[in-house]
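In case you want the letters, here they are:
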Amino acid sequence: MAAPIDLELKKAFGELQAKVIDTQQKVKLADLQIDQLNRVKKHANLTHVELTPLPESTRMYEGVGRMFILQSKDEISKQLMDKQKTADDKIKELEQKKTYLERSVKEAEDNIREMLMSRRAQ
């Protein structure tokens, strides 16, 4: 009877190891995306801060591909604020995803511990 238990535990540990590795990769990817979004947010904020003191009559251009389009100051400011808001929303989503992934790995580890304890009790 020891052989089936060992096979079951070995299978469970193999699944846990695969899940942990997969989750670690996903968490690292989420961290990289969060860092990138923080840089985008900071860049948009710094640009907005630099544009704020300029007079309304200042000619401003938006880079689109390999050309530049004349835009109003209000339009440029609105785009920068939208970019910051979008980055904030994505960061919140990624943080929630990270906590979910970490929680799911912890639950899997707890299940394996529980299985080990029940096997030892037998």
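No experiment lies behind these values; they were computed from the predicted model shown.

> Now, about the overall build of the protein chain: what can you tell me, with residues and values included?
For the protein chain, the helix and strand inventory stands at two helices and two strands. Of the regular secondary structure in the protein chain, the N- to C-terminal order runs α-β-β-α. Since a compact globule built from 122 residues should have a radius of gyration of about 14 Å, the 25 Å found for the protein chain marks it as more spread out than a globular shape. Each principal axis of the C-alpha atoms in the protein chain carries an extent, and together these give about 85 × 25 × 15 Å. Taking all 122 residues of the protein chain together, 23% fall into the buried category. Across the protein chain, every contact between residues at least 6 apart in sequence was considered, and the portion connecting residues at least 24 apart equals 68%. Summed over its atoms, the accessible surface of the protein chain is roughly 9,500 Å², and 57% of this surface lies on carbon and sulfur atoms. Side chains of the protein chain give 23 positive and 21 negative charges; the mean places of these two sets differ by 3 Å.

> Give a detailed account of the environment of Lys-41, specifying residues and quantitative values.
With respect to the helices and strands, the residue Lys-41 is situated in helix α1 (residues 2-51). Leaving out residues up to four positions away in the same chain, Lys-41 has contacts with Gln-84, Ala-87 and Asp-88.

> If you had to explain the environment of Ala-44 to someone new, which residues and values would you point to?
Examined against the element boundaries, Ala-44 turns out to sit in helix α1. Since its relative accessible area comes to 0%, Ala-44 is described here as buried. Here the alpha-carbon distance between Ala-44 and Glu-109, two residues 65 residues apart in the chain, equals 41 Å. In this structure, Ala-44 is in contact with Leu-80, Lys-83 and Gln-84, ignoring residues within four places of it in sequence.

> Which residues make up the pairing of strand β2 (residues 67-71), and what are the values?
Two strands pair when backbone bridges link them, and strand β1 (residues 60-64) and β2 are joined in this way by five bridges, in the antiparallel orientation. Bridge pairing in β2 links Met-60 to Gln-71. Linking two consecutive strands that pair antiparallel, namely β1 and β2, is a turn of two residues; a positive phi of about 65° is found at Gly-65 within it.

> Please give an account of the side chain of Lys-98 that cites residues and values.
Along the chain, Lys-98 falls in helix α2 (residues 73-121). With sequence-adjacent residues up to four places away left out, Lys-98 is seen in contact with Val-27, Ala-30, Asp-31 and Ile-34.

> Any chance you could break down the nonpolar core for me, citing the residues and the numbers?
Grouped together as the largest cluster of nonpolar side chains are eight residues: Leu-9, Ala-12, Leu-16, Val-20, Val-105, Ala-108, Ile-112 and Met-115. Secondary-structure elements contributing two or more residues to this core are α1 and α2. Setting aside residues up to four positions removed in sequence, Val-20 forms contacts with Val-105 and Glu-109. Counting residues in hydrophobic clusters, the runner-up holds six residues, among them Leu-37, Ala-87, Ile-91 and Leu-94.

> Pulling in residues and values, what's your account of the pattern of salt bridges?
If charged atoms from side chains of opposite charge come close, those side chains can pair. Tallied over the full model, the rule gives six salt bridges. In this structure, the salt-bridge partner of Lys-41 is Asp-88, at a minimum N-O distance of 2.7 Å. Of the two residues, Lys-41 sits in helix α1 while Asp-88 sits in helix α2, which places them 47 residues apart along the sequence. Taking relative accessible area as the criterion, Asp-88 reaches 28% and is therefore assigned partly exposed. Of the charged contacts in the structure, one is a salt bridge between Lys-85 and Asp-89, with a shortest N-O distance of 3.6 Å. Of the two residues, Lys-85 and Asp-89 are both situated in helix α2; the distance of four residues between them amounts to about one turn of the helix. Residues participating in the shared-partner salt-bridge network are Lys-106, Asp-110 and Arg-113.

Conventions used here
Residues numbered from 1 in each chain as written. Predicted model: local features only at pLDDT ≥ 70, side-chain atom pairs only at ≥ 80, totals over all residues. Heavy atoms only, no water. Helix = DSSP H or I, 4+ residues; strand = E, 2+ residues; numbered from the N terminus. Rg over C-alpha atoms; globule rule 2.2 N^0.38 Å. Buried < 20%, exposed > 50% of the residue type's maximum accessible area, 1.4 Å probe, protein only. Contact = heavy atoms within 4.5 Å. Areas by Shrake-Rupley, 256 points an atom, 1.4 Å probe, with all protein chains shown as cover. Lys, Arg positive; Asp, Glu negative; His and termini not counted. Charge placed at Lys NZ, Arg CZ, Asp CG, Glu CD. Pairing = 2+ DSSP bridges. Core = buried A, V, L, I, M, F, W, Y, C linked by side-chain atoms within 4.5 Å. Salt bridge = Lys/Arg side-chain N within 4 Å of Asp/Glu carboxyl O.

Don't take any of this as a statement about function, it's just geometry.
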